[in-house]
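Examination of the molecular architecture
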Amino acid sequence: MGGLYMAFRKFGYPTSYTENLNPVTADVLEAGFIFATCIIAFSFVVVLPGVRGKERWNILLRGFFSIILGAIIMIANYGQEWEVGALTHKTAYKTFSGVEVEQKMAVKIGLRSVNITLRAEDDNEANETINYNERFTFGWQQGRNGFGRFASVFNREFRAAQKQGLPLPILWIAEYFTFDGEGIRWGRHYRQAGFYAHIMMWAAFPLWILANILFFMVIRYGACCLAMTGGFLLLANIIYASIRNFNDLAIPFDEGVVMQFHYGWSFWITLITGIICVKVAAIIYLMDLRYPEMIHSFFGLDILQDYEEYYADGEDASIGVERDRVVSSNGGTEVESDAERGAQAASAVTVMLRPTSVILMIDDDKFE
């Protein structure tokens, strides 16, 4: 028993295990959003058999469009692939070492941070496993110049990475994003672009929720909110592309070996989703004007709920003219005003008002 309880202990101290360092190979937050979306979509499909007839397919189409749209807004907002770059090159691995290793480097720029990946093709060249994945956060506060405790979050994380002794390629890439470090301003532009773009993304999210609510009340208002959702997504793309950098970022390693950057899938999916939202909103709005019965049937609404009933009485009636008509009867005269006849007729008229139409429903039984 003594040998069992003394395992991995030295000098009677508690059990101690060696470090087990593993690189991060997936974005946990991004995977969480995808997993949550799959759960919601699966739950939605489970309840569909309870809906009868054609309404089932209408609900399926509307539901999946709404779920996917909300998921795209959140995933793109927190996604790390707004701009990406990759390069495979044989370069130095450590400081004060002449050993060069064939390494695959990748950079993913998001709205809030920069993710740098470094992996060696052959671990035998450096006699160790080279597999790094480091993230440097922009932070919304500019901070002071330099790398002190009052500097920006990115600069402080960069200084900590230098003290930690991260591989040279990671430090070389991260240095290009330091805020005004050595007169370099790429980090400042990317931070500002991410800040304003993420505000537009967050503005699109509540509009998406409001559109879902209004589609159960007034369809055209829901279409307007959906169009505004797409507009804010497109505005996020425009702002990011305009502010991110005036000169395209290119990180050189050796003569003729340069890491180039291009827009990633987070940027393109936001752009495509914004265009689709605007087009779908325009189609719904026009169909509500031209084919209200069809679009109300698709959304499962009663078309009469958009109408307001208005019953006209004698004072509100505009039927008739101001002149009097003289009617002879038994040698006498009887004066009957056209306004009075109009008041009697108006009591049999129901006016149904809609924002773009007026429908008169006349009860013929009251006319003889």
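For the structure, check the block above.
Only a predicted model underlies this, so the values are computations on that prediction, with no experimental measurement involved.

**Considering the packing of aromatic side chains**
Counting across every chain of the model gives 20 aromatic pairs. Ring centres 5.1 Å apart and planes at 50° place the aromatic pair W82 and Y240 in the tilted group. Note that W82 is positioned in the loop between α3 (55-78) and β1 (83-92) and Y240 in helix α7 (residues 219-243), a separation of 158 residues in sequence. Residues Y240 and F267 carry aromatic rings whose centres are separated by 6.4 Å and whose planes lie at 50° to one another, so their mutual orientation is tilted. Remark: F267 occurs in helix α8 (residues 265-290) and Y240 occurs in helix α7; sequence separation between them is 27 residues. With a relative accessible area of 0%, Y240 lands in the buried category. Across from the ring centre of Y285, 5.8 Å away, lies the NZ or CZ of R220, which sits over that ring.

**Notes on the pairing of strand β3 (residues 113-120)**
The side chains of a regular strand alternate between the sheet's two faces. Here β3 lies mainly inside the structure; 6 of its 8 residues are buried. When strand β2 (residues 100-109) meets β3, the two strands line up antiparallel, connected through 7 bridges. Pairing of A106 across the sheet is with T117, part of β3. Between the antiparallel neighbours β2 and β3 lie 3 residues. Bridge analysis of β3 against strand β4 (residues 131-137) gives 7 bridges, and the strand direction is antiparallel. For I116, the partnering residue across the bridge sits in β4 and is E134.

**Section: the sheet that holds β2**
Taking strand neighbours across the sheet as the criterion, the 6 strands line up as β4-β3-β2-β1-β6-β5 in an open arrangement whose pairing is antiparallel. Single-partner strands in this sheet number two, and they are β4 and β5 (250-254). Each strand axis lies, on average, 15° off the axis of its neighbour in the sheet, ignoring direction. The sheet contact formed by β1 and β2 spans 10 bridges and is antiparallel. Paired with E83 across the bridge in β2 is I109.

**Side note on the packing of α3 against α8**
Where α3 contacts α8, the two axes come as close as 10 Å, and the packing angle between them is 145°. The way α3 lies across α8 gives a crossing that is left-handed. Along the contact surface, α3 presents F65, L69, I72, I75 and A76, while α8 presents W265, S266, I269, T270, T273, I276, C277 and V280.

**Overview of the pattern of salt bridges**
The final tally for this structure, using the stated rule, is 5 salt bridges. Of the charged contacts, one joins D288 and R220 as a salt bridge, the two residues approaching to 2.9 Å between their closest N and O atoms. Remark: R220 occurs in helix α7 and D288 occurs in helix α8; sequence separation between them is 68 residues. Under the relative-accessibility criterion, R220 is labelled buried at 8%. Salt bridges sharing common partners tie together E83, R244 and D248.

Cut-offs and rules
- Residues numbered from 1 in each chain as written.
- Predicted model: local features only at pLDDT ≥ 70, side-chain atom pairs only at ≥ 80, totals over all residues.
- Heavy atoms only, no water.
- Phe/Tyr/Trp six-rings, centres within 6.5 Å; stacked < 30°, edge-to-face > 60°.
- Helix = DSSP H or I, 4+ residues; strand = E, 2+ residues; numbered from the N terminus.
- Buried < 20%, exposed > 50% of the residue type's maximum accessible area, 1.4 Å probe, protein only.
- Lys NZ or Arg CZ within 6 Å of the ring centre and 35° of its normal.
- Pairing = 2+ DSSP bridges.
- Axes fitted to C-alpha atoms, helices over the stretch in contact; angles between N-to-C directions.
- Left-handed = near helix turned anticlockwise from the far one by under 90°.
- Contact = heavy atoms within 4.5 Å.
- Salt bridge = Lys/Arg side-chain N within 4 Å of Asp/Glu carboxyl O.

Purely geometric stuff here, so don't read any function into it on its own.
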